[in-house]
Amino acid sequence: MSVHVQNARMTTTRIRQKADNNEPITMLTSYDFTLARLVDEAGTDIILVGDSASNVVCGNAYTLPITLDEMIFLTKGVVRAAEHALVVADMPFGSYQVSEEEAVKNAIRMVKESGCDAVKIEGGEEVLPAIRHIIAAGIPVVGHLGLTPQSVNQFGGYGLRAKEKAEADKLLRDALLLAQAGCFAVTLEKIPATLAAQVTKDLAPYHCATIGIGAGNQTSGQVLVLHDMLGLNQGFQPKFLRHFAELGEQVKSAVQGYISAVNDRTFPNEKESY
Ligand code: KIV
């Protein structure tokens, strides 16, 4: 019998240790085997199969339409690619809000069928019972506060969250509740940097990491949508986003090169023929 040893894999314990030791944590999205393999080989700590797949993969305007079955399908490919990174899958809208029982059932489906290591859930106090039940079932959870795109219709857009004291206070309370419930990390999206720094300090006694996107550089780690940071999603340029490559331009120019080579019959050449 061969035993598959996974000691090189990232774990939630190691993520907590990295936060404790103030070692930056890197998280990037992936939705398919090929890009996840590259992201994993490049050494990212966590691969997030985000429900941003709804926008990036499916072309929807919102994250709301993507289903649990679709998220499981995408996550399977990413799990096959990830030899080192921890794979976290987003629980999509509607999969954890109805009841705690349904939330646990759906989180178990996600882990059993996709093979992911942990799930991410948007929201604070309102979804705490669901999060507690999922953690009690042995599934690690990443929380998600600030701009939670599944609530876009309630917010009325994708603007900066928690600018006002009342919302900032609620976010601080929610973050503590998530850490106390056992979340090993909390994503903080599009909130003031000073607030994210405060949350990071407050969660330190619970060995709970904070992973920021548009939340300044005082969080335990950072996350970006891969297609955004690679410059593949050309129309999207919020202030927090840095392009680490311009692959959109490279893809277009490669495709144009192919089209003209086929048109002038220089592809395939003799060496490329049998
Ligand atoms: O779905 C997603 O990609 C996310 C990140 C933006 C954090 O939740």
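One can find the structure itself at the top, above this paragraph.
For the structure given in this document, a descriptive report is provided here. Computed from a predicted model, the values in this text were never measured in an experiment. (Residues numbered from 1 in each chain as written. Predicted model: local features only at pLDDT ≥ 70, side-chain atom pairs only at ≥ 80, totals over all residues. Heavy atoms only, no water.)

1. Details of the side chain of Glu 189
Within the element layout of this structure, Glu 189 appears in strand 6 (residues 185-189). In terms of polar contacts, Glu 189 uses its side chain to reach the side chain of His 144, at 2.9 Å. Not counting residues up to four positions away in its chain, the partners in contact with Glu 189 are His 144, Leu 145, Gly 146, Leu 147, Pro 149 and Ile 213. (Helix = DSSP H or I, 4+ residues; strand = E, 2+ residues; numbered from the N terminus. Polar contact = N/O pair within 3.5 Å; in protein donor to acceptor, adjacent residues only side chain to side chain. Contact = heavy atoms within 4.5 Å.)

2. Things to note about the environment of Thr 75
Within the fold, Thr 75 resides in helix 4 (residues 68-81). In this structure the C-alpha to C-alpha distance between Thr 75 and Val 87, which are 12 residues apart in sequence, comes to 8.3 Å. When neighbours within four sequence positions are excluded, Thr 75 is seen to be in contact with Val 49, Val 87, Ala 89, Met 110, Ser 114 and Cys 116.

3. Here we look at the packing of helix 5 (residues 100-114) against helix 6 (residues 128-136)
Where helix 5 meets helix 6, the axes come as close as 8 Å, and the angle between the chain directions of the two elements is 45 degrees. Classified by the angle their axes make, helix 5 and helix 6 are oblique. When you trace helix 5 past helix 6, the crossing you get is right-handed. For the pair helix 5 and helix 6, the contacting residues are Glu 100, Ala 103, Val 104 and Ala 107 in the first and Pro 129, Ala 130, His 133 and Ile 134 in the second. (Axes fitted to C-alpha atoms, helices over the stretch in contact; angles between N-to-C directions. Parallel < 35°, antiparallel > 145°, perpendicular 65-115°, else oblique. Left-handed = near helix turned anticlockwise from the far one by under 90°.)

4. Topic: the site of the ligand
Around the ligand sit Thr 29, Leu 48, Gly 50, Asp 51, Ser 52, Asp 90, Lys 120, His 144, Thr 187, Ile 213, Val 223 and Val 225, and those are all the residues in its vicinity. Within the side chain of Ser 52, an N or O atom sits 2.5 Å from an oxygen atom of the ligand. A distance of 3.1 Å separates an oxygen atom of the ligand from a polar side-chain atom of Asp 90. When the free accessible area of the ligand is taken as 260 Å², the share hidden by the protein chains comes to 95%. More than half of the atoms belonging to the ligand lie within 2 Å of the grid points that define the largest pocket. Classifying every residue of the shell around the ligand by side-chain character gives 4 nonpolar, 5 polar and 3 charged. (Near = heavy atom within 4 Å. Areas by Shrake-Rupley, 256 points an atom, 1.4 Å probe, with all protein chains shown as cover. 1 Å grid on protein atoms, 1.4 Å probe; cavity = no way out; pocket = protein on both sides within 12 Å on 5 of 7 lines; lining within 4 Å. Sits in = over half its atoms within 2 Å of the grid points. Nonpolar A, V, L, I, M, F, W, Y, C, P; charged D, E, K, R; others polar.)

5. What about the packing of aromatic side chains?
Overall, the coordinates contain 1 aromatic pair when judged by the stated rule. For the cation-ring pair, Arg 161 lies above Phe 155, with the distance from its terminal atom to the ring centre recorded as 3.8 Å. (Phe/Tyr/Trp six-rings, centres within 6.5 Å; stacked < 30°, edge-to-face > 60°. Lys NZ or Arg CZ within 6 Å of the ring centre and 35° of its normal.)

6. Some details on the sheet that holds strand 1 (residues 25-29)
Around the barrel, 8 strands lie side by side as 1-2-3-4-5-6-7-8; this closed barrel has parallel pairing. Strand-to-strand twist across the sheet, computed as the mean angle between neighbouring axes with direction ignored, equals 25 degrees. As judged from the 4 bridges shared by strand 4 (residues 118-122) and strand 5 (residues 141-146), these two strands associate in the parallel manner. Bridge pairing links Glu 122 to His 144 in strand 5. (Pairing = 2+ DSSP bridges.)

7. A few points about the pattern of salt bridges
In total, this model carries 11 salt bridges according to the counting rule given. Note that Arg 9 is salt-bridged to Asp 117, the shortest N-O span being 2.8 Å. Of this pair, Arg 9 sits in the segment before helix 1 (12-20) while Asp 117 sits in the loop between helix 5 and strand 4, and the two are 108 residues apart along the sequence. On the basis of relative accessible area, Arg 9 is assigned to the buried category, the value being 19%. Judged by relative accessible area, Asp 117 falls into the partly exposed class, the value being 24%. Several salt bridges converge on common partners, so that one network encompasses Asp 69, Arg 109 and Glu 113. (Salt bridge = Lys/Arg side-chain N within 4 Å of Asp/Glu carboxyl O. Buried < 20%, exposed > 50% of the residue type's maximum accessible area, 1.4 Å probe, protein only.)

8. Side note on helix 5
For an α-helix, 3.6 residues make a turn, and residues three or four places apart therefore share a direction. When the terminal C-alpha atoms of helix 5 are compared, their 21 Å separation across 15 residues agrees well with the 21 Å that a helix rising 1.5 Å per residue should span. If you check which residues of helix 5 are buried, you get Ala 103, Val 104, Asn 106, Ala 107, Met 110 and Ser 114. The arc that holds every buried residue of helix 5, seen down its axis, measures 170 degrees, which confines them to one face. Residues of helix 5 that are exposed and angled more than 90 degrees away from the buried face: Glu 101, Lys 105 and Lys 112. (Expected span 1.5 Å × (residues − 1). Arc of directions from axis to C-beta.)

By themselves, these observations are geometric and do not establish any function.
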